[in-house]
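Coordinates in review
The primary structure of each chain is shown beneath.
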Amino acid sequence: MSSDVMLQVAAVEKSFGGFQALRGVSLDVAQGQALGLVGPNGSGKTTLINVISGIYRPSAGHVRFLGRQIGGLTSDRVSHLGINRTFQVPKPFGSLTVRQNVDVALSHSRRSRRKAEDILAFLDLAAMQDREASSLNTAQQKLLDLGRALATDPRMLLVDELGAGLSPADLDIVAAKLNALRQEGITMLVVEHLLGFLAKVTDDVIVMNAGQEIFYGKLEAAAEDPKVVEVFLGG
Amino acid sequence: MLYALVAGILFGLYYALISLGLNLSFGVLRMVNLAHGDFVMIGGFTAVVLYSSWHVHPLVSLVLGAAAVFVVGIALYYLLVPRIATTKDPEMISLVLFFGLSQVIEALAVIHFGNNEQSIFDPVFGTQPVSLLGQSLPAVWLVSGLVSLVALALVYLYLYRSRLGYSTRAVMASREEAEVSGINLHRVSAIAFGIGLGLAAAAGALAPFMLGGITPDIGTGLTTTAFAVIVLGSLGNPMGTIAGGLIYGIALMLMQTYLPSWASLLPYVLLLLVLLVRPSGLFGRQVRSA
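Residues numbered from 1 in each chain as written. Chains lettered and ligands numbered in written order. Predicted model: local features only at pLDDT ≥ 70, side-chain atom pairs only at ≥ 80, totals over all residues.

Quick notes on the sheet that holds strand 5 (residues 68-69) of chain A
Short version of the rule: The rule for pairing is simple: two strands pair if DSSP sees at least two bridges between them. Numbering of helices and strands runs from the N terminus; a helix is a DSSP stretch of H or I covering at least four residues, while a strand is a stretch of E covering at least two.
Read from one edge of the open sheet, four strands run 2-1-4-5 (chain A), paired in antiparallel fashion. Edge positions in the sheet fall to strand 2 (19-30) and strand 5 of chain A, since each has one partner strand and no second.

A few points about the confidence of the model for chain A
The criterion, for reference: What pLDDT expresses is the predictor's confidence in each residue, scored from 0 to 100.
Considering every residue of chain A, the mean pLDDT works out to 94; 98% of them sit at 70 or more. Within chain A, strand 4 (residues 60-65) of chain A carries the highest mean pLDDT (98), whereas helix 9 (residues 226-233) of chain A carries the lowest (86).

Points about the domain arrangement of chain A
All names here are of chain A. Where we set the bar: Note that the domain bounds were set by an automatic or database domain assignment. Contacts are defined on C-beta atoms placed from the backbone: any two residues whose C-beta positions lie within 7 Å are in contact. When residue character is reported, Ala, Val, Leu, Ile, Met, Phe, Trp, Tyr, Cys and Pro are called nonpolar, Asp, Glu, Lys and Arg charged, and the others, Gly included, polar.
Annotation of chain A at the domain level lists domain 1 (5-82 + 157-233) and domain 2 (95-153). Each of domain 1 and domain 2 has a C-alpha centre, and these two points are 23 Å apart. Of the residues lining the interface, nine residues belong to domain 1; the matching set on domain 2 comes to 10 residues. Among the secondary structure elements, those contributing two or more residues to the side of domain 1 that touches domain 2 are helix 2 (75-81) and helix 6 (168-183). For the side of domain 1 that touches domain 2, the class distribution of residues is three nonpolar, four polar and two charged.

A short note on the nonpolar core
In plain terms, the rule: To form a nonpolar core, buried Ala, Val, Leu, Ile, Met, Phe, Trp, Tyr and Cys residues must be joined through C-beta atoms within 7 Å. Our exposure labels follow a C-beta count within 10 Å of each residue's own C-beta, placed from the backbone: buried means 20 or more other C-beta atoms, exposed means 12 or fewer, and partly exposed covers the counts in between.
Counting 160 residues, the largest nonpolar core has Tyr14(B), Leu17(B) and Ala203(B) as the members making the most contacts within it. Two domains each provide a minimum of three residues to this core, namely domain 1 (5-82 + 157-233) and domain 2 (95-153) of chain A. Residues in contact with Leu17(B), not counting those within four places in the same chain, are Ser148(B), Ala151(B), Leu152(B), Leu199(B), Ala202(B) and Ala203(B).

Thoughts on the packing of helix 6 (residues 163-173) of chain B against helix 8 (residues 185-210) of chain B
Residue and element names in this part refer to chain B. Definition in use: In this analysis, axes come from line fits to C-alpha atoms, helices being fitted only over the stretch in contact, and the angle between any two N-to-C directions falls in the range 0 to 180 degrees. By the definition adopted for this analysis, an angle is roughly parallel if under 35 degrees, roughly antiparallel if over 145, roughly perpendicular if from 65 to 115, and oblique otherwise.
Direction vectors running N to C along helix 6 and helix 8 enclose 100°, while the axes themselves pass 10 Å from each other. Between helix 6 and helix 8, the interaxial angle falls into the category roughly perpendicular. In this structure, helix 6 contributes Leu164, Ser167, Thr168 and Val171 to the contact, and helix 8 contributes Leu185, Val188, Ser189, Ile191 and Ala192. Split by residue class, the contact of helix 6 with helix 8 holds six nonpolar, three polar and no charged.

Examining the environment of Tyr51(B)
Residues and elements named next belong to chain B. Within the secondary structure, Tyr51 sits in helix 2 (residues 36-54). Each C-alpha atom of the pair Tyr51 and Val124 lies 9.8 Å from the other, and the pair is 73 residues apart in sequence. When near neighbours in sequence (up to four residues on either side) are disregarded, Tyr51 contacts Val56, Pro58, Ser61 and Ile120.

Let's talk about the packing of helix 3 (residues 58-85) of chain B against helix 8 of chain B
Residues and elements named next belong to chain B. Here is the rule: In a left-handed crossing the near helix is turned counterclockwise from the far helix by less than a right angle, and in a right-handed crossing that turn is clockwise.
Helix 8 packs onto helix 3 with a crossing angle of 145° between their chain directions and a minimal axis gap of 6 Å. Note that helix 3 runs across helix 8; the crossing there is right-handed. Looking at the contact of helix 3 with helix 8 residue by residue, the class counts come to 23 nonpolar, nine polar and no charged.

Thoughts on the pairing of strand 2 of chain A
Residues and elements named next belong to chain A. Sheet analysis places strand 1 (residues 5-16) next to strand 2, joined by nine bridges and oriented antiparallel. Residue pairing across strands places Glu13 opposite Arg23, the latter belonging to strand 2. Turn length for the strand 1-strand 2 hairpin, with the two strands adjacent in sequence and antiparallel, is two residues, and the turn residue Gly17 shows positive phi of about 60°.

A closer look at the interface of chain A and chain B
At the interface, 23 residues of chain A touch 16 residues of chain B. Elements with a contribution of two residues or more to the side of chain A that touches chain B: helix 2, strand 6 (83-85) and helix 3 (98-108) of chain A. Among the elements that take part in the side of chain A that touches chain B, helix 3 of chain A stands out by supplying five residues, more than any other.

A closer look at the sheet that holds strand 7 (residues 156-160) of chain A
Residue and element names in this part refer to chain A. Ordered in space as 6-7-8-3-9-10, the six strands form an open sheet in which the pairing is mixed. The open sheet has two edge strands with one neighbour each: strand 6 and strand 10 (212-217). Ignoring which end each strand starts from, the neighbouring axes of this sheet average 20° apart. Both strand 3 (residues 34-38) and strand 9 (residues 204-209) contribute to a ladder of four bridges, which runs parallel. Counted as the bridge partner of Leu35 is Asp204 from strand 9.

Side note on unusual backbone geometry
All names here are of chain A. At Leu66, a residue that is not glycine, the phi angle is positive and equals roughly 50°. For Leu66, the position within the fold is in the loop between strand 4 and strand 5. Positive phi values are uncommon outside glycine, yet Asp153 reaches one of about 55°. Within the fold, Asp153 resides in the loop between helix 5 (138-151) and strand 7. Asp153 gets classed as partly exposed once you count the C-beta atoms within 10 Å, which come to 19.

Right, dumping it as structure tokens:
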């Protein structure tokens, strides 16, 4: 493993009964890299994020973070090691206030140097910190989900379709925030359907189909790749 | 009428105490503990045995029983729940398993205590009735109301004023996001489950007085009543149980005053009505997926 590889996924498989959602996926994410993950629905992107973040235990293969085997660890332990994630459909702690949502994650972080005020200000949520999280709109809930993840002070952020459902203006704002986080040194794996958004926040992309990687490289090059074209346009 | 209302409030607080633990464990586990009422029965027999053997005051037995059952609850959680959680259909398996646990506890209680009703007949809470809002009531009803209020207040402080409580509410809202946030799901859930059973045992210590006596088969009916109370309040929202308990208690007392022969149907009727008219409970926001 190269010394600057932060996350290494090696031949990971994940099956649900007879359905194989991941079929030997391998990828490396280097320190400081922002890697995109695209593919049609059901291609295994979110399943991969779930395996890395500890929600699913891999059926086979290895997941290493900073050289340490993390495949099969529970999500809280993965979080303590420095990986956190956002959810495609965030479910904030609805009866808690916005501030308390961040505070809960802060209080369980073993490495956080961040402050709730700074996180909420960064995400433009400071003005609504005393509101119940359930009262936020979708875009605000997604930002709060990002705030909850940031509260654990992650070295690596797994971003699962943060752009879905956001207005073009909100997308620009969120892209700028992700880029700012990257400038801080946070490595990212970004699952996204919105290619324009992805182009703003990632360097390279992996294209997945049917639980396998079919392309790795620049997003522009993906559009020229015959396998990718076949998957997205049907040949 | 006023007597029924005052008595209903006191019994409502008591039924909230009986039911709160079931809601707490449902909130964190999303499983209905069908053995919940059996822990009320255990608390009741604990109080009866400690009093008949060593004249331990029921309020002392209440604390001792709740503490012991809290520890047992945590052990039981780690013995059962992590295994259930990894099965393909944890909700269904949990129903079967907790039902089986209920049957085992009841059978053991029958072996040890027999089928006859047992109680504490000495006037440990005095012989003089007390006056509340102009109504003359047995002193133990007032004691029960106060004990229930203290227990409910302690649960409120735990849930809304402690770090553990915030974590517990986070787990209730979203297990996945809570765990990803660094919360040890099993530790938080085990403590909530233990507290839930401890509350049931605490309520049990008052059962010889509030319910007239204890029999080994009392648990099944109490689980049903507790389930009706938490559905009435709000499934998965522990503090909604207080409202559910009060409504149930007042309705029960009104029924016993005006339609006594129908009173035993009350939990089932309320359960059906709430599920038909407002499935999220009278004070709930949404139905939890169980």
